[in-house]
Amino acid sequence: MSAPPVLELRGVTKFYGEREVLGGIDLTVEEGCAVALIGSSGSGKSTLLRCVDLLEEIDDGDIYLDGAAITDPGADPVPIRRRLGLVFQAYNLFPHKSVIENVVLGAVRAQGMAHGDAIAAGHALLERFGLAGRERDYPDRLSGGQQQRVAIVRALMTKPRALLLDEVTSALDPELVGEVLGIIAELKGDGMTMLIATHEMSFAREFADEVCHLDGGRIVERGAPAQIFSEPRHPATQRFLARLLQGTRG
Amino acid sequence: MHATPTTRAARQQARRQRARHSIAISATSTGVVIAGLAVAIVLSPGWRTVRETFFSWHYFKQVLPSLPGGFWLDVQIFLVVEAIVLALGLMIALIRTVRAPVLFPLRVVSVVFVDVMRGVPLLILLYLFVFGLLALGFSFIPSDETILAGAALVCCYAAYVSEVFRAGIESVHPSQPAAALALGLTRPQALRHVVMPQAIRAVLPPLLNDFISLTKDVSLVSIFGPLEIVRIAQINADQYFNYTPYIAAAAFYLVITLPLIRIVDHMRSRALRRQNALVLM
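Quick notes on the rules
Residues numbered from 1 in each chain as written. Chains lettered and ligands numbered in written order. Predicted model: local features only at pLDDT ≥ 70, side-chain atom pairs only at ≥ 80, totals over all residues. Helix = DSSP H or I, 4+ residues; strand = E, 2+ residues; numbered from the N terminus. Rg over C-alpha atoms; globule rule 2.2 N^0.38 Å. Buried ≥ 20, exposed ≤ 12 C-beta atoms within 10 Å, placed from the backbone. Contact = placed C-beta atoms within 7 Å. Nonpolar A, V, L, I, M, F, W, Y, C, P; charged D, E, K, R; others polar. Core = buried A, V, L, I, M, F, W, Y, C linked by C-beta atoms within 7 Å. Pairing = 2+ DSSP bridges. Axes fitted to C-alpha atoms, helices over the stretch in contact; angles between N-to-C directions. Parallel < 35°, antiparallel > 145°, perpendicular 65-115°, else oblique. Left-handed = near helix turned anticlockwise from the far one by under 90°.

Trainee: Go over the overall build of chain A with me, naming the residues and quoting the values.
Mentor: A count of helices and strands for chain A gives nine helices and ten strands. Over its C-alpha trace chain A gives a radius of gyration of 18 Å, about what one expects of a compact globule, namely 18 Å for 250 residues. When its C-alpha atoms are laid out on the principal axes, chain A stretches across 55 × 50 × 40 Å. Buried positions account for 44% of the 250 residues belonging to chain A.

Following this line, the structure appears as structure tokens:
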């Protein structure tokens with residue numbers, strides 16, 4: 001019998017007031033796979049990730065982590081969040097803490113790791129991702145790309161079962177996008193399970209195992225990247241990709 | 001047609017000249033204003049009397065030795081009151097921001113407390129606490145006027161300070177606690193390690209401002225008799241029919257308050273510079 005998928009969403013529905021922002025999302029992320037969510041702003045990608053990390057309560061459906069439902073309304077979300085890593089579009093580093101303090105906070109406070117061990121692990125990860133020597137700097141001394149790499153390291157420190165990446169390159173200058181995507185590619189190589197909301201179509205095409213196009217809170221088309229990008233079937237996906245293509249040309 | 005290119009040295013020269021020019025103008029205008037004020041005061045018909053009754057060197061020297069002891073009482077009252085104000089103010093602010101349903105009754109009490117304490121003149125509050133509480137006749141209520149007046153100061157200032165803390169907590173962007181929760185921190189942990197340090201940093205200048213007001217309002221306990229500096233000055237003034245003791249007492253306050261005021265100002269401009277730098281980033 002094969003292991004259950006790392007993440008499974010069944011009929012996930014979310015309302016903001018009367019407005020339906022997610023309308024019955026079904027989605028599976030298998031161990032070591034990367035699923036890319038594409039779609040225009042407001043299509044529900046960020047909300048979906050926030051719901052998976054239990055920062056938002058869903059209104060219907062269920063989310064399973066390693067086969068166990070995590071969206072039981074009576075359950076404490078804190079232990080679940082400790083098993084997932086979320087990286088935000090705007091980095092959300094803690095401005096009053098240095099790089100190393102940002103990185104160890106979750107490991108020490110949430111995972112109960114000894115402070116010395118956390119520092120050592122943090123150093124190792126920062127060094128691996130080209131941030132050696134920046135440990136004592138505060139976030140405002142770092143470029144956007146460096147800040148986002150620190151944010152990724154911070155999320156990795158808690159050894160998440162799956163990494164949720166919310167438009168992690170959208171706030172970056174174009175020349176800095178590469179250094180962050182490089183890390184994600186490396187993590188994919190390590191076998192990290194990932195759910196990625198992204199605007200970087202070339203990246204989704206190259207590294208995603210599956211691409212889902214979200215439109216108006218529903219997945220209107222899903223499939224292998226080659227199929228979605230070369231011969232999209234759904235008219236909404238065709239329009240979306242055509243607009244993107246125009247944007248890159250203009 | 002080509003104009004002669006301006007060299008870098010010439011531009012710097014012009015910039016320096018402009019700077020010298022504006023310094024000269026501001027120095028001159030400051031001098032003129034101060035001199036004008038001084039002349040106006042000295043030439044006023046009553047200057048001779050004012051100098052005698054407010055700025056008499058003779059009485060100043062006479063009253064000076066009796067003041068430090070009184071001022072020390074003010075400082076002690078201030079330190080105790082301020083410590084309690086900070087703790088109580090923070091507690092009220094937390095009760096009002098944390099949305100736990102258990103705290104609902106406390107939240108209602110806090111809102112009423114803060115509204116009333118901010119809405120009543122401090123002087124009336126002092127009378128209510130000192131005379132009113134004493135009149136209740138409970139044996140557990142201390143009969144010391146200084147303590148009762150101190151309690152009134154605590155209530156008044158805790159209300160203001162709680163509002164300052166609350167503004168600080170609300171100024172922290174929700175993405176910050178969200179990031180802390182995403183790391184697996186509990187809500188109290190997120191508050192303690194992520195929200196509060198940023199909130200307190202944001203409100204240090206207004207917090208220090210309330211601090212400065214309190215240093216001065218401590219002198220209001222003099223109404224009830226304790227021999228603090230304003231009370232001593234008053235006794236001396238009544239005795240000599242001369243107001244110079246008040247000026248001497250004011251000088252003691254300025255020694256404490258002026259540096260604090262400068263510090264607040266400095267922190268403000270630094271915070272503003274940092275904010276602008278962030279916007280430009």
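Trainee: Before we move on, can you summarise the overall build of chain B with the specific residues and values?
Mentor: When you go through chain B residue by residue, the secondary structure sums to eleven helices and zero strands. Ordered by position from the N terminus, the helices and strands of chain B form the series α-α-α-α-α-α-α-α-α-α-α. The C-alpha atoms of chain B give 26 Å as radius of gyration, which overshoots the globular expectation for 281 residues (19 Å, by more than 25%). Judged by the C-alpha coordinates and their principal axes, chain B covers about 95 × 70 × 30 Å. When the 281 residues of chain B are sorted by exposure, 25% land in the buried category. A separation of at least 24 residues holds for 72% of the contacts in chain B among residues at least 6 apart in sequence.

Trainee: Describe the interface of chain B and chain A, and please don't skip the residues or the numbers.
Mentor: With 16 residues of chain B in contact, the opposing surface of chain A contributes 17 residues. When contributions to the side of chain B that touches chain A are tallied by element, the ones reaching two or more residues are helix H8 (175-182) and helix H9 (187-217) of chain B. Looking at the side of chain B that touches chain A residue by residue, the class counts come to eight nonpolar, seven polar and one charged.

Trainee: Any details on unusual backbone geometry? Residues and values, ideally.
Mentor: Residues and elements named next belong to chain A. A positive phi angle, close to 60°, is found at Leu54, a residue other than glycine. Structurally, the position occupied by Leu54 is in the loop between helix H1 (45-52) and strand S4 (60-65). At Tyr91, a position not held by glycine, the phi torsion is positive, near 65°. Within the element layout of this structure, Tyr91 appears in the loop between strand S6 (84-87) and helix H3 (99-109). By the C-beta count within 10 Å, which is 24 here, Tyr91 ends up buried.

Trainee: Break down the nonpolar core for me, citing the residues and quoting the values.
Mentor: With 115 residues, the main nonpolar core has Val35, Leu195 and Ile196 of chain A as its most contacted residues. Residue contributions to this core peak at 15 residues, all from helix H7 (residues 145-171) of chain B. Discounting residues that sit within four places of it in the chain, Ile196 of chain A has contacts with Ala34, Val35, Ala36, Leu37, Leu165 and Ala208 of chain A.

Trainee: Please give an account of the environment of Leu55 of chain A that cites residues and values.
Mentor: By secondary structure assignment, the location of Leu55 of chain A is in the loop between H1 and S4. A sequence separation of 131 residues divides Leu55 of chain A from Glu186 of chain A, and the C-alpha atoms of the two residues are 27 Å apart. Those residues within four positions of Leu55 of chain A in sequence are excluded, and the remaining contacts are Arg50 of chain A together with Ala178, Leu181 and Ala182 of chain B.

Trainee: Before we move on, could you go through the sheet that holds strand S2 (residues 19-29) of chain A and cite the residues and values that matter?
Mentor: All names here are of chain A. Pairing in this open sheet of four strands is antiparallel, and the strands run S2-S1-S4-S5 from one edge to the other. Here the strands that pair on one side only, and so sit at the sheet edges, are S2 and strand S5 (68-69). Here strand S1 (residues 7-16) runs beside S2; their pairing, made up of eight bridges, is antiparallel. Counted as the bridge partner of Tyr16 is Arg19 from S2. Together, S1, S2 and S4 form the strand contacts of H1, whose direction differs from that of S2 by roughly 65°.

Trainee: Explain the pairing of strand S8 (residues 193-197) of chain A to me, using residue names and the numbers behind them.
Mentor: All names here are of chain A. Of all five residues that make up S8, five are buried, and the element is covered over most of its length. Along S8, one buried face is formed by Thr193, Leu195 and Ala197 and the opposite face, lined by Met194 and Ile196, is buried too. With five bridges joining them, strand S7 (residues 162-166) and S8 adopt parallel strand pairing. Among the inter-strand pairings, Asp166 is bridged to a residue of S8, identified as Ala197.

Trainee: Residue-level account of the packing of H3 of chain A against helix H4 (residues 115-128) of chain A, with values.
Mentor: Residues and elements named next belong to chain A. For the pair H3 and H4, the least separation of the axes is 9 Å and the interaxial angle reads 125°. By the angle between their directions, the pair H3 and H4 is classed as oblique. Helix-helix and strand crossings are classified by hand; for H3 and H4 the assignment is right-handed. Between H3 and H4, the contacting residues are Val99, Ile100, Val103, Val104, Ala107 and Val108 on the first element and His115, Ala118, Ile119, Ala121, Gly122 and Leu126 on the second. Classifying every residue of the contact of H3 with H4 gives ten nonpolar, two polar and no charged.

Trainee: Any details on the pairing of S6 of chain A? Residues and values, ideally.
Mentor: Residues and elements named next belong to chain A. Side-chain alternation along S6 places Leu84 and Leu86 on one buried face and Gly85 and Val87 on a second face that is also buried. By the bridge criterion, four bridges tie S6 to S7 in an arrangement that is parallel. Its bridge partner lying in S7, Val87 is registered against Leu165.

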